[in-house]
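In case you want the letters, here they are:
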Amino acid sequence: MKFSIPRASFFEGLQKVQNVASNKGSLMILQNALLHAEEGRLCITTTDLDISERCYVECEIDNPGSTTLPVRRLAGIIRELDEGRILFETDDEDVTVLQGGSSFFKIIGLSTRDFPPVPIAEGKFSYSIDQGVFREMLRKTCYAVSQDETRRVLNGVLMAFKDGKLTMVATDGRRLSLVEQEIEFPAEAEIEMILPVKAVSELMRVLGSEGDLKIYSQKNQAIFEFGDIMISSKLIDGVYPNYRQVIPASSEERVVVGRSALLSALRRVSVVTTDKSNSTKLTFSANQLVINSNTPDVGEGRDTVPIKYAGKEISIVFNPEYLMDPLKNIDDDEVFIELNDGHSPALIKCSVPFIYVLMPLRIN
Amino acid sequence: MLLRMLRDGHIRLLSAHVANKIAAGEVVERPASVVKELVENAIDAGAGRVDIAVTAGGRKLIAVSDDGNGMGRDDALMSIERQATSKLRDVDDIERIDTLGFRGEALPSIASVSRFTLKTRRPQDESGTEIAVLGGRLQEAREAGVPPGTTVEVRDLFFNVPARRKFLRAYQTEQAHIRAVFTLQALAHPEVGLSLTADGRELYRLPQGASLEERVRDVFGEEFRVGLRPVGKRRGDIAVTGFAGLPNVTRNARGEQYVFVNRRPATAPVIAYALREAYPPLDRERRPVVLLFIDLPPDQVDVNVHPAKREVRFRQVAEVREAIIAAIGEAIGYRREAADSATTGGRLGDASLPAAAGTPPHTPAVPAVPAVTGPGGSTHAVFPYPGAENLPEAATPVPAPISPDPPTGRGLSLLPVPESGAPWRWCRLLGQAAGRYLLLETDDGYVTVDPRAARERVLYERLMEADAQGATAAQRLLLPETVRLAPADAARLRNHLKIVQKMGFAVEEFGGDHFIVEALPDLLGQVPCRALLENIAHDLESAGARRGSERWREEIVAKAACRAAAGAAEKLTQEQAEQLVSALALTRMPYTCPRGRPTMIFTSYRELERKFGR
């Protein structure tokens, strides 16, 4: 294999995919990137067997072919090279020679035979959505994913393509975040997939703010194709719990509150919460919300936030972290809090189709 | 058979010779017992130096020579008679034995099963005496020129008792027993110079007039003392001194528990019990390292329980128990009630039990045992384990290392409360090894922390404290979770459901062996419900076996719950790791998880230097 490639775009491509390659571990080949030059493009692939990532960079090919190289070492070299074109040549023994400016490198690679097969972007059904919109949906939901490894299905974000909508849900059994987006797909393509949290963070890292994203569904696998990148991920096997039943059908009271005012008040008050006593009391009364944290041996914090509210007085206690999470991840100026009483679940909504269900704390 | 025995004329008085052989069976079990008896005799004779030489694991030769009082010719001959002793005069003396031996059995017993030579001279006499005994029969007693003191040579032990000889183990095994005996004697009598030579090779040469601390160093080496805390406490008549290992320095079995009662290596059920109670619950097989001297008036202890005097009895069992628990508790900063109940505030100060009337509350060292403290009276200078004793100095905090922080770690000062028993004055998180263990740098060494055990400890104390304050916040679940338990587990859980509910677990019966979980203590974070209930039910089964505080049910529930909760993701972010380390340092017993596994392992820089040969 022999080709020449501009340093900047080569480095950019490596940076996109190197995150997936493992740092350590028993399989040497997983620390390597598969480089494949063909038809005027260099294709760089990394995988950790669960997630694979591939990107394409344009190059001038003298001799097509492929090899694998330790991706972090390669990226380290390319980063330090002078601007300009890099000459890349690999012999039959997978020894690669890199030349750029005054520099010369010889790197020993591994045979491509050992590199695990990576799925190709195709599937019975595919779904189209804007990259930025998809990334926002992930951002609004993924913080609620469960850390409890004994409940595998909750360790990912549910993507349900149903009724002409993509619904994303995450929950850890204490709170639930849900966001919806209308997209077009044929009725027979309805499907549910549970995307592991690792793939979610990789997608959020690499997805752009605009441009088309194509999602392919395969057996136990989802493939995301956007721009010159493809990410495939195994899915979590199992049936996601029926999340509809935990969303209260109706609420008696509705509060309108400024998002950033509420968030900063919670941040201030939670200074006096500790890991020992992580609870914050919210008292809603006419046009005023009083937030109160009281930790024995530490102290007390209180803050008042103006709200639009005319209902009955309600006191409710939450874990402040759970309350702040959605507020940090939505952008609306105003949010709506829907309540029934002090011991029923509360709802947080905003202008986009977003719902956050939060269970209160019960104080003995 | 029985009939034949009952016929007249068959019961005869045993000859002294046979009686000695029988006694030898009790006293002289193996070469190491000979060493023990002879060394004790030497020490009772006021020796300043005792030299021991053995060959072939003591089977060929055991020679013990001392520079003690020696004996005159008559005494020397008397000494090999059965029940002849200089140590007791009348029956009252047996009530207040302050010598190591007293039964008058040792020499005749040994002499009856070996080729035995005794050479002795009193310092004031011009010449000494040499006696030779073969299998219990006196062969020769003559005047001889010998140095002052006594030398006993025991050759061909058990040469006339083939049955016993057969049971002797390999030379190495017997030699290991001899070394163990030697170690005990060396620790019990640091003021006596001791040497041990085996097959011509000198194994130990311990100087005369050493302090206990020097003796410990000479016997075990420098590193043994890391992780040991000095013990020094007197309650009434009972003084407990020595060293106690921190709860994270444990060994399998009792290999490194050295207990001396009035300087005699001894065991007693109450001592084992007190040691168990003095420490936080340790993992089943683990035993703390202790080196304890219990000194009390001779009439308070009965050493005449066992011919080899291994076991003793105390007159005031409860007092001895409490003295040991209090002394160790003070040394390691732990007291069962204080650690488990939620009384906030003092820990070390409160940890000592009320001192007996007339005794100052903190008597640091007891004269009965040579200087526990170092030359300058400073204990922590010698025991470099960072800890509570160091804290007073911490008023002027040790400056952070001068070198810039490595990229992986941020400076992290962990010294919130001067009174607290934080295991380090400051520490810095270096990173995480094997995706799991946290590495910390401290003043005197590095610490490896098991985050899971640490989290268990932190959660456990928080849960117990929240429960004691009646302030458990229960996070409700979006969807109540149902768990079906095995019938036996379900029955146990049902019996204790009230306690479980009080602690913030909203668990209800749900027909059959099903339970429904509606809320969980908020501070546990995300905990798998099934594992949680199974753990609780399972642990309640073994409850009660261990007599504990009145909140034992709560303790069990909390332990079981924390075990389930701590299993969550082990990979920690920098921030999470720092929070965990800080929280651990603030716990009452940071060294073990509630189940008794260590949370941290300390390695001193000195040990590293030694290993690197610097």
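Residues numbered from 1 in each chain as written. Chains lettered and ligands numbered in written order. Predicted model: local features only at pLDDT ≥ 70, side-chain atom pairs only at ≥ 80, totals over all residues. Heavy atoms only, no water.

Chemist: So what's going on with the environment of B:Gly149? Which residues, and what values?
Modeler: Position of B:Gly149 among the secondary structure elements: in strand β6 (residues 149-155). Judged by relative accessible area, which is 2%, B:Gly149 ranks as buried. (Helix = DSSP H or I, 4+ residues; strand = E, 2+ residues; numbered from the N terminus. Buried < 20%, exposed > 50% of the residue type's maximum accessible area, 1.4 Å probe, protein only.)

Chemist: Go over the sheet that holds strand β26 (residues 361-363) of chain A, please, and point to the residues and values.
Modeler: Taken together, four strands build an open sheet; the order of strands is β26(A)-β21(B)-β23(B)-β22(B) and the sheet is antiparallel. Bordering the open sheet on either side are β26 of chain A together with β22 (506-509) of chain B, each of which pairs with just one other strand. Strand-to-strand twist across the sheet, computed as the mean angle between neighbouring axes with direction ignored, equals 35°. Here strand β21 (residues 473-484) of chain B pairs with strand β23 (residues 514-521) of chain B via seven bridges, running antiparallel. Of the residues in β23(B), the one forming a bridge with B:Arg476 is B:Ala519. (Pairing = 2+ DSSP bridges. Axes fitted to C-alpha atoms, helices over the stretch in contact; angles between N-to-C directions.)

Chemist: Hey, could you go over the packing of helix α16 (residues 529-541) of chain B against helix α17 (residues 552-565) of chain B for me, with residue numbers and the actual values?
Modeler: Residues and elements named next belong to chain B. Two elements in contact, α16 and α17, have axes separated by 8 Å at closest approach and are oriented at 145°. Read as a crossing pair, α16 and α17 show a hand that is right-handed. In this structure, α16 uses Ala531, Leu532, Asn535, Ile536, Asp539 and Leu540 to contact α17, whose residues at the interface are Ile556, Val557, Ala560, Ala561, Arg563 and Ala564. Looking at side-chain class alone, the contact of α16 with α17 contains nine nonpolar, one polar and two charged residues. (Left-handed = near helix turned anticlockwise from the far one by under 90°. Contact = heavy atoms within 4.5 Å. Nonpolar A, V, L, I, M, F, W, Y, C, P; charged D, E, K, R; others polar.)

Chemist: So, the packing of helix α3 (residues 131-141) of chain A against helix α4 (residues 197-206) of chain A: which residues are in play, and what are the values?
Modeler: Residues and elements named next belong to chain A. Where α3 meets α4, the axes come as close as 10 Å, and the angle between the chain directions of the two elements is 135°. Considered as vectors, α3 and α4 are oriented oblique to each other. For the crossing formed where α3 meets α4, the hand is left-handed. Together, Phe134, Arg135, Leu138 and Arg139 of α3 and Val200, Leu203 and Met204 of α4 make up the contact between the two elements. Looking at the contact of α3 with α4, its residues break down into five nonpolar, no polar and two charged. (Parallel < 35°, antiparallel > 145°, perpendicular 65-115°, else oblique.)

Chemist: Describe the pattern of salt bridges, and please don't skip the residues or the numbers.
Modeler: Residues and elements named next belong to chain A. Tallying each qualifying case throughout the model produces 46 salt bridges over all chains. Between arginine 244 and glutamate 180 there is a salt bridge; the shortest N-O distance is 3.3 Å. With a gap of 64 residues between them, arginine 244 in the loop between β17 (229-234) and β18 (253-258) and glutamate 180 in strand β13 (residues 175-182) connect regions that are remote in the sequence. You can call arginine 244 partly exposed: its relative accessible area is 41%. The exposure class of glutamate 180 is buried, given its relative accessible area of 16%. (Salt bridge = Lys/Arg side-chain N within 4 Å of Asp/Glu carboxyl O.)

Chemist: Which residues make up the confidence of the model for chain B, and what values do they have?
Modeler: Residues and elements named next belong to chain B. Overall, the prediction assigns chain B a mean pLDDT of 75, with 74% of residues at 70 or greater. Note on residues 337-420: pLDDT is under 50 here. Beyond four places in sequence and across chains, it has 164 contacts. For this predicted complex, the interface confidence reaches an ipTM of 0.78, while the overall pTM sits at 0.63. (pLDDT = per-residue confidence, 0-100.)

Chemist: Please give an account of the pairing of β22(B) that cites residues and values.
Modeler: Residues and elements named next belong to chain B. In this structure, β22 lies alongside β23, joined through four bridges in antiparallel fashion. Its bridge partner lying in β23, glutamate 509 is registered against phenylalanine 515. Linking β22 to β23, which pair antiparallel, is a turn of four residues; within it glycine 511 sits at a positive phi near 80°.

Chemist: I'd love a proper account of the nonpolar core, names of residues and values included.
Modeler: Counting residues in hydrophobic clusters, the biggest one holds 95 residues, and the most contacted among them are A:Phe10, A:Ile44, A:Phe134, A:Phe224 and A:Phe284. For A:Phe10, the contacting residues outside a window of four places in its chain are A:Ile5, A:Leu35, A:Leu42, A:Ile44, A:Val57, A:Leu74, A:Ile78, A:Ile86 and A:Phe88. Of all hydrophobic cores here, the second largest spans 67 residues; its members include B:Phe243, B:Ala244, B:Leu296 and B:Val581. (Core = buried A, V, L, I, M, F, W, Y, C linked by side-chain atoms within 4.5 Å.)

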